[in-house]
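What follows is the residue order along each chain.
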Amino acid sequence: MQKLLIANRGEIAVRVIRAARSLGLKTVQVHSSADADMLAVRLADEAVEIGPPHAAKSYLNAEAILEAARRTGADAIHPGYGFLSENAAFADRVAEAGLTFIGPNGDIIRLMGDKAAARQQAAKADVPTVPGSNGIVADMDDAARLAAEIGYPVMIKAAAGGGGRGIRIAENEERFRGHATQASTEAKAAFGDGGIYIEKVIARARHVEVQIMGDGTDAVHYWDRECSLQRRRQKVWEEGPSAALGDARREALCSSAVDLARSVSYKGAGTVEYLYDDESGEFYFIEMNTRIQVEHPVTEMITGVDLVAEMIRIAQGGKVRPGLSPRNGHAIEVRLNAEDPANDFMPFPGVVGRLEIPEMADVRFDHMLYEGYAIPPFYDSLLGKLVVRGDDRADALARMRTALAKLKIEGLATTKPLFEALLDAPDVQSNSVHTRWLESWLESHDLSKGRPVE
Amino acid sequence: MAHQIKSPLPGTFYRKPSPEEAPFKSEGETVAKGDTIGLVEVMKTFHQLHADADGILTSFEIEDAEPVAPGQVIATLD
């Protein structure tokens, strides 16, 4: 491998370029016509425009990306997260073109991307799953019977959905029948696949996940992260390791993720996601993501491993590092989005004014910003991730407070005021949270008094 | 008198609620103030674009699923 093409944009493209450079690889950054000025284009050795702003015509255009690789002589493609990162057909095409796809092969992506199949695979590997349908439910009467057996409320999920899309909750049978029919119709329209499955709702669950790495033969874990603070099913704050888990539960959780990865001869970086029920101490598999995740720096801060470099090394035929990864302290990440918390998180594409990035020990800011940069409105609102490490959780919280105060992104509304408010919330300080905590907290906390635009 | 409906937002303009559905409005159709004539997608969130006057929609000045800038004319009413 000599030259890596980055089939993504924004902060993760910058992150991949840095990892590639550390491994001595040349980089090719593809971009849409709206992204000619982005930071990753400036940092890469070469840049190729692959289409108009709309992602369907650029970052999701496999043909154009492969053509860019051919023209520049790139011999590997890193898909980042989102876009084509979990598209099995794309992984297949990259391999058929004789290039290295940085991630698992198409068959593993297909298996894990089909939520019902992934759930069956988890059960086969003795990983606990949320009580629910074993696979896709075809008949509405059977589905309603099963829902009653599991006990309401139940969750209806689109088999082809992801990132929180296509999920509905039903409180009773009447609602269930309505929601299930609608979910199937919508999934058919959005994903071309109307398959749905159902799951028990764990009332006060935490979202915990395990970072794994496989080389096709063996697999290891890099401990867990907790991402319970979510808004509209999007994570906004992540930390690791989860302060809710004791040593025994953590070991059981992490081993189950490794078992699942080994059972499919997993190759590359992956995340096994679970719900954790505080009351019972039980954890349940929800899905596996076959890509590098937004919140991977949390793990990097506590283990000292460069996960992006590691996944590239494995794609080149490297082996996983044997043994248990060391772990040191506690890390917290917050997502700085171009959204106005004072105005119901309205997107705020704008021009970056003065930028001040904290330079402190154990603080890292992964971002796509520079002064004068015009944030395009066509893509997601993530500007960067502020990540801190402390000796323990209290230390990490204190460091986050200092780092946030030093971070200045002028000219834009960002989610910074949300995190300043969250740092003051007693439930956050004591880690008494669950996946629906943030939305109810937001209902009773007025963030409109802050000054969103600095 | 011709009236122009402009987008207050930057993003991607859509004429249909979803790819499989019919457009909100067609050329030649009568629209009333407050009618939805399209969507603007800004950073993965969708915002409805409303007619700010009554009239007959004589033409769309932008194609479906094309980029739009703030202040850009979306449609002309007569």
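Right above here is the structure, for reference.
(A) Fine view of the environment of Ser22(A). Residues and elements named next belong to chain A. Looking at where Ser22 falls in the secondary structure, it is placed in helix H1 (residues 10–22). In this structure the C-alpha to C-alpha distance between Ser22 and Ala309, which are 287 residues apart in sequence, comes to 7.7 Å. When near neighbours in sequence (up to four residues on either side) are disregarded, Ser22 contacts Asp306 and Ala309. Engagement of the side chain of Ser22 in a polar contact is seen with the backbone oxygen of Ala19, the distance being 2.6 Å.

(B) Structural context of the interface of chain A and chain B. Between chain A and chain B, the contact holds 16 residues from the first and 15 residues from the second. Carbon and sulfur atoms make up 69% of the surface buried where chain A meets chain B, a total of about 1100 Å² over both sides. In this structure, the connection of chain A to chain B is made through one salt bridge. Across the pair Lys57(A) and Glu66(B) runs a salt bridge, and its minimum N-O distance is 3.5 Å. Counting across the interface, chain A meets chain B through three residue pairs in polar contact (both at pLDDT 80 or more). Within the side of chain A that touches chain B, the residues separate by chemical class into twelve nonpolar, two polar and two charged.

(C) Here's a closer look at the sheet that holds strand E1 (residues 3–6) of chain B. Residues and elements named next belong to chain B. The strand order across the open sheet formed by four strands is E1-E8-E6-E3, and the pairing between neighbours is antiparallel. Where the open sheet ends on each side, the last strands, each with one partner, are E1 and strand E3 (30–31). The pairing of strand E6 (residues 55–60) with strand E8 (residues 73–77) spans three bridges and is antiparallel. Across the sheet, residue Leu57 finds its bridge partner in E8, namely Leu77.

Criteria and cut-off values
- Residues numbered from 1 in each chain as written.
- Chains lettered and ligands numbered in written order.
- Predicted model: local features only at pLDDT ≥ 70, side-chain atom pairs only at ≥ 80, totals over all residues.
- Heavy atoms only, no water.
- Helix = DSSP H or I, 4+ residues; strand = E, 2+ residues; numbered from the N terminus.
- Contact = heavy atoms within 4.5 Å.
- Polar contact = N/O pair within 3.5 Å; in protein donor to acceptor, adjacent residues only side chain to side chain.
- Buried area = accessible area lost by both parts, 1.4 Å probe.
- Salt bridge = Lys/Arg side-chain N within 4 Å of Asp/Glu carboxyl O.
- Nonpolar A, V, L, I, M, F, W, Y, C, P; charged D, E, K, R; others polar.
- Pairing = 2+ DSSP bridges.

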